[in-house]
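Here is how the chains run, residue by residue.
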Amino acid sequence: MTLDPAQPSLIAVKGLSKQFDLSPPWWARLLTGAQRRVLKAVDDVTFDIPRGKTLGLVGESGCGKSTVARCVTNLMVPTSGRVDFNFGGAVEPSTALSPEGRRKVQMIFQDPYSSLNPRWPISKTIAEPLKVFGLKTSRAEIRDEVRLLLETVGLHADDAHKYPHQFSGGQRQRICIARALACRSEFLVLDEPTSALDVSVQAQILNVMLELQARLHLTFLFISHDLSVIFQMSDYVGVMYLGRLVEIGPTAEVFRRPRHPYTQLLLQTVPRTNLVGQIRAPLSGEVPSPIKPPGGCSFHPRCPHVMDVCRSVAPKQTQSGAELVACHLAAG
Ligand SMILES: Nc1ncnc2c1ncn2[C@@H]1O[C@H](COP(=O)(O)OP(=O)(O)OP(=O)(O)O)[C@@H](O)[C@H]1O
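Source: prediction; values computed, not measured. Positions within a chain are numbered from 1, following the residues in the order the chain's sequence is written. Per-residue local features of the predicted model are confined to residues with pLDDT of at least 70, and side-chain atom pairs are confined, for both listing and counting, to 80 or more; whole-chain, interface and lining totals are unaffected and use all residues.

Student: Explain the pairing of strand β7 (residues 187-191) to me, using residue names and the numbers behind them.
Tutor: Counts of 20 or more other C-beta atoms within 10 Å of a residue's own C-beta define buried residues, counts of 12 or fewer define exposed ones, and intermediate counts define partly exposed ones; C-beta atoms are placed from the backbone. Note on conventions: DSSP H or I runs of at least 4 residues are helices, E runs of at least 2 residues are strands, and numbering of each starts at the N terminus. Burial runs high along β7: 5 of the 5 residues are buried. Going residue by residue along β7, you find F187, V189 and D191 tucked away on one face and L188 and L190 tucked away on the opposite face as well. The rule for pairing is simple: two strands pair if DSSP sees at least two bridges between them. Two strands pair when backbone bridges link them, and strand β6 (residues 105-108) and β7 are joined in this way by 4 bridges, in the parallel orientation. By the bridge assignment for β7, I108 is matched with L190. As judged from the 5 bridges shared by β7 and strand β8 (residues 219-223), these two strands associate in the parallel manner.

Student: Which residues make up the site of the ligand, and what values go with them?
Tutor: Near, as applied to residues and a molecule or strand, means the residue's backbone-placed C-beta atom lies within 6 Å of it. Residues in contact with the ligand, as listed here, are F20, L39, A41, G59, S61, G62, C63, G64, K65, S66, T67 and P290. Secondary structure elements with two or more residues in the shell around the ligand: β2 (38-50) and α2 (65-72). Tallying contributions element by element places α2 first for the shell around the ligand, with 3 residues. Of the residues contributing to the shell around the ligand, the split by class is 5 nonpolar, 6 polar and 1 charged. Charged residues are taken to be Asp, Glu, Lys and Arg, nonpolar residues to be Ala, Val, Leu, Ile, Met, Phe, Trp, Tyr, Cys and Pro, and polar residues to be all remaining types, Gly included.

Student: Account for the sheet that holds strand β5 (residues 92-93), naming residues and giving values.
Tutor: Pairing is antiparallel across the open sheet formed by 4 strands, whose spatial order is β2-β1-β4-β5. With partners counted over all chains shown, the strands left at the sheet margins are β2 and β5, one partner each. Any pair of residues counts as being in contact when their C-beta atoms, constructed from backbone geometry, are within 7 Å of one another. Only C-alpha atoms enter the line fits that serve as axes; for helices the fit covers just the stretch in contact. Angles between N-to-C directions range over 0 to 180 degrees. On top of the sheet, α2 reaches β1 (9-21), β2 and β4 (80-85); it is set at about 115° to β1, its chief contact.

Student: Please set out unusual backbone geometry residue by residue, giving values where relevant.
Tutor: In most cases, non-glycine residues show a negative phi, while peptide bonds are predominantly trans. Its identity is not glycine, yet D44 carries a phi of approximately 55°, on the positive side. Within the secondary structure, D44 sits in strand β2. With 17 C-beta atoms counted inside 10 Å, the residue D44 sits in the partly exposed group. Its identity as a non-glycine residue notwithstanding, L242 has a phi of 45°, on the positive side. Structurally, the position occupied by L242 is in the loop between β9 (236-241) and β10 (244-250). With 24 C-beta atoms counted inside 10 Å, the residue L242 sits in the buried group.

Student: Residue-level account of α2, with values.
Tutor: Turn by turn, an α-helix covers 3.6 residues, leaving residues three or four places apart pointing in a common direction. Among the 8 residues of α2, 7 are classified as buried, and the element is accordingly described as predominantly covered. Listing the buried residues of α2 in full gives K65, S66, T67, V68, A69, C71 and V72.

Student: Residue-level account of the packing of helix α4 (residues 122-132) against helix α5 (residues 139-152), with values.
Tutor: α5 packs onto α4 with a crossing angle of 120° between their chain directions and a minimal axis gap of 10 Å. As far as their axial angle goes, α5 and α4 are oblique. Along this stretch, α4 crosses α5, giving a crossing that reads as right-handed. Here α4 contributes S123, I126, A127, L130 and K131 to the contact with α5, which in turn contributes I142, E145, V146 and L149. An angle below 35 degrees is treated as roughly parallel, one above 145 as roughly antiparallel, one from 65 to 115 as roughly perpendicular, and anything else as oblique. By convention, the crossing between two helices is left-handed when the near helix turns anticlockwise from the far helix through less than a right angle, and right-handed when the turn is clockwise.

Structure below.
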């Protein structure tokens, strides 16, 4: 199922898995009898994002959101599965993106300070992609473009000569956005882009992103712990648990009528706003270790609706309304 069959997908992720081998070296295993330890960070994740739309990824810490982000931006090689981009021409696999395709895929991280070179004035940081990708060549053109980009993200063009430490956290995140725009990016992965900022600044940055998305028809993969931010930013939402996508569908639908018990409990943790009506059980306990996940449905030890089948059989994703849900209850 594609999220919107009427709209072409800019990115299609199929069966993406990423495992980390944490085993001690063979000789240590031989001496100590230790077992191999493989951590499944992402397990068979499939989704697509229609052009110009946002997919929000949510889930508790350690459920694999950032690993998905790193795999789709080629910062990490997946163990299996594929990621295809369609920027309007032929479909390009992420592993063989053209230089033009590579510049169209950019990532914005949680900590804007560590993703900026502290020894470069921001004019140099923003000018770099213009030069590297040959988008502007003359010094005057580059200078004008840097000034325009700074103004586009709500900074003063006259601040171009300043260094990252001379800006606030929110301003630094704006600089990162300006750098991504300098690449003429079409797909942005935003990994907790506002978590390090205070609430009022968060709202400003989110609004900048929404404005730019509407103006430039950008496509976003937006990662956040904060369900209210996901609700505000995303057209579609995917809920991850222990490396798996347990529910995905239109945001309004998922928030109005979550079908997976994990999503229901996650939504009930939103302070003040009880988005799903009656609270039946809080989300208790911790996410189990991804090195030794529970058999069957990995959520079964915490699920208030657990059935016998859940302990032994991993549920397949089934369509329920406009959503895909991996739960035996949803499968009927
Ligand atoms: N390079 C790595 N080597 C070993 N394990 C890793 C590595 N990167 C991530 N992991 C593990 O993979 C799992 C998923 O991590 P990931 O960072 O993708 O989760 P997350 O949902 O983004 O968490 P958070 O919200 O805390 O950032 C975690 O158990 C993490 O410890």
